[in-house]
Amino acid sequence: MKQSLSPTRDEVDHAIRQAAALIRRSNHVVALSGAGISAESGIPTYRGPEGVWTRQGEPTIDGWDLFNSDPELWWKLAIEQNDTELAHAINVASPNPGHFAMADLEQAGYLQHIITQNIDNLHHRAGSKRITEIHGNRSLVRCMNCGARDRLETLSLVRLPPLCPECGGIMKNDVVMFGEPIPDDALVTCYRQAAMADLFIVVGTSAVVYPAAEFPIMAKRRGAMLVEINPFETDLSEIADVVVRAKAGEAIPAIADILRR
Ligand code: OAD
């Protein structure tokens, strides 16, 4: 992860006012959020000094291979290994002021869509409605045949693998695993939103995972403006029109406050 540029308070406040002004004059604002927005809810990020993968190593595609060859065993292991550090942090987390401020922006008509890479369900719990979870949602299961989703807690795990009540296909946790294709419905919505956006807000993501990182770049190429909210520099910082070097839980409520006036 690149180093913080340590901006002054005045510089951060100025960037927050610029971001609010851009949002006010835009017609279709789309946000791409990542693990950083949930860091203030106690969920570790993936990368960076404290990141789970920095400490534990990145997952391989073995899990996806196993699911395809032996879904019953995959489910047994998934049930047994349900108490990882990340799973525990997600289980006990609540939305923070950054999530709530994004829901406020949507409610006030300033934010048209959230594309989130997060699997923690916190945007939903904060009250946001128009969300695409491009990497899935940990509290859902998805049919690998017809794509239907259901809440994990409603699924019987007596017989493994669980089967889809709609079509009989094999169900899997909705989280997109390494090697697994992004579900078509999510991908189509993301490309559509990227094509419609005249402002992209990129918040709390290192923007290194594709295709998610591609959407703001696509929008920018078409002439959309780009706001980045991240305490650290990313690969997108260079092309951002406004960079707010602050935590999401500080910056987004401050932007929403300005827009309420
Ligand atoms: P990363 O861990 O790669 O990046 C987190 C970003 O959040 C970094 O740029 C941090 O500087 C920033 N950050 C940290 N604290 C913050 C705060 N309080 N406010 C704002 N920003 C903060 O996480 P992602 O970019 O989300 O996918 O990672 C993308 C994908 O990588 C994940 O969805 C995951 C992984 O592959 C899957 O597991 C499928």
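Our subject is the structure listed above.
All figures in this text were calculated on a predicted structure; none of them were measured in a lab.

J.: Break down the overall build of the chain for me, citing the residues and quoting the values.
T.: Along the chain, the regular secondary structure elements total eleven helices and nine strands. For a compact globule of 261 residues, the expected C-alpha radius of gyration is about 18 Å, and the chain comes in at 19 Å, within 12% of that figure. In the chain, which comprises 261 residues, the share counted as buried stands at 51%. If you take every contact in the chain between residues at least 6 apart in sequence, the share linking residues at least 24 apart comes to 68%. On the chain, roughly 12,700 Å² of surface is accessible, and the fraction owed to carbon and sulfur atoms is 52%.

J.: Help me get a handle on the side chain of Asn121, residues and values and all.
T.: In this fold, Asn121 is placed in the loop between strand 2 (113-116) and helix 8 (122-126). Given a relative accessible area of 13%, Asn121 falls into the buried group. In this structure Asn121 touches Glu133, Asn137, Ser139 and Arg151, once residues within four positions along its chain are discounted.

J.: Account for the nonpolar core, with residues named and values stated.
T.: In terms of nonpolar packing, the biggest core is built from 31 residues, with Val227, Ile229, Val244 and Ile252 touching the most fellow members. Among the secondary structure elements, those contributing two or more residues to this core are helix 1 (9-24), strand 1 (29-33), helix 7 (97-107), strand 7 (199-203), strand 8 (225-229), strand 9 (242-244) and helix 11 (248-260). Those residues in contact with Val244, other than ones at most four positions away along the chain, are Val12, Ala15, Ile16, Ala19, Val227, Glu228, Ile229, Asn230 and Ala251.

J.: Report on the sheet that holds strand 7, specifying residues and quantitative values.
T.: One open sheet accounts for six strands, arranged 3-2-1-7-8-9; its pairing is parallel. Of all strands in the sheet, those bounded by a partner on one side alone are strand 3 (131-133) and strand 9. Looking at each pair of strands side by side, their axes are set apart by 15° on average, direction ignored. With five bridges joining them, strand 7 and strand 8 adopt parallel strand pairing. If you follow Phe200 over to strand 8, its bridge partner there is Leu226.

J.: Describe the site of the ligand, with residues and values.
T.: In the vicinity of the ligand, 23 residues are found, and the nearest of them are Ala35, Arg47, Thr205, Ser206 and Asn230. Residue Ala35 places a main-chain N or O atom 2.8 Å away from an oxygen atom belonging to the ligand. Between the ligand and the protein, one listed contact pairs an oxygen atom with a backbone N or O atom of Tyr46 at 2.8 Å. By residue class, the composition of the shell around the ligand is eleven nonpolar, nine polar and three charged.

J.: I'd love a proper account of the packing of aromatic side chains, names of residues and values included.
T.: For the structure on display, the rule yields six aromatic pairs. Plain terms: the ring middles of Trp74 and Trp75 are 5.4 Å apart, the flat faces sit at 90° to each other, and that makes the pair edge-to-face. A relative accessible area of 4% means that Trp75 is categorised as buried. On the numbers, 5.1 Å between centres and 85° between planes, the contact of Tyr191 with Phe215 is edge-to-face. Of this pair, Tyr191 sits in helix 9 (residues 184-196) while Phe215 sits in helix 10 (residues 214-221), placing them 24 residues apart in sequence. Tyr191 gets classed as partly exposed once you look at its relative accessible area, which sits at 31%. Here a set of aromatic residues connected by ring pairs shows up, and it is made of Trp64, Phe67, Trp74 and Trp75.

J.: Give a description of helix 10 that names residues and reports values.
T.: Of all the residues in helix 10, the buried ones are Phe215, Pro216, Ile217 and Ala219. Contact partners of the buried residues in helix 10: strand 1, strand 2, helix 9, strand 7 and strand 8.

J.: Before we move on, could you go through the sheet that holds strand 4 (residues 140-143) and cite the residues and values that matter?
T.: The strand order across the open sheet formed by three strands is 5-4-6, and the pairing between neighbours is antiparallel. The open sheet has two free edges, formed respectively by strand 5 (149-151) and strand 6 (171-173), since each of these has just one partner strand. Averaged over all neighbouring strand pairs, the angle between strand axes comes to 35°, with direction disregarded. Note: strand 4 against strand 5, three bridges, orientation antiparallel. Within strand 5, the position partnered with Leu140 by the bridge is Arg151. Lying over the sheet, helix 5 (residues 71-80) contacts strand 4 and strand 6, oriented at roughly 35° with respect to strand 6.

J.: Account for the pairing of strand 7, with residues named and values stated.
T.: The buried fraction of strand 7 amounts to five of the five residues, a majority that puts the element mostly inside the structure. Where burial is concerned, the two faces of strand 7 agree: the one with Leu199, Ile201 and Val203 and the one with Phe200 and Val202 are both buried. Two elements, strand 1 and strand 7, share five bridges in a ladder whose sense is parallel. Within the sheet, the bridge partner assigned to Ser33 lies in strand 7 and is Val203. Crossover strand 7 to strand 8 through helix 10 is right-handed.

Analysis parameters
- Residues numbered from 1 in each chain as written.
- Predicted model: local features only at pLDDT ≥ 70, side-chain atom pairs only at ≥ 80, totals over all residues.
- Heavy atoms only, no water.
- Helix = DSSP H or I, 4+ residues; strand = E, 2+ residues; numbered from the N terminus.
- Rg over C-alpha atoms; globule rule 2.2 N^0.38 Å.
- Buried < 20%, exposed > 50% of the residue type's maximum accessible area, 1.4 Å probe, protein only.
- Contact = heavy atoms within 4.5 Å.
- Areas by Shrake-Rupley, 256 points an atom, 1.4 Å probe, with all protein chains shown as cover.
- Core = buried A, V, L, I, M, F, W, Y, C linked by side-chain atoms within 4.5 Å.
- Pairing = 2+ DSSP bridges.
- Axes fitted to C-alpha atoms, helices over the stretch in contact; angles between N-to-C directions.
- Near = heavy atom within 4 Å.
- Polar contact = N/O pair within 3.5 Å; in protein donor to acceptor, adjacent residues only side chain to side chain.
- Nonpolar A, V, L, I, M, F, W, Y, C, P; charged D, E, K, R; others polar.
- Phe/Tyr/Trp six-rings, centres within 6.5 Å; stacked < 30°, edge-to-face > 60°.
- Right-handed = clockwise from strand over helix to strand, strands pointing away.

Geometry only, nothing functional implied.
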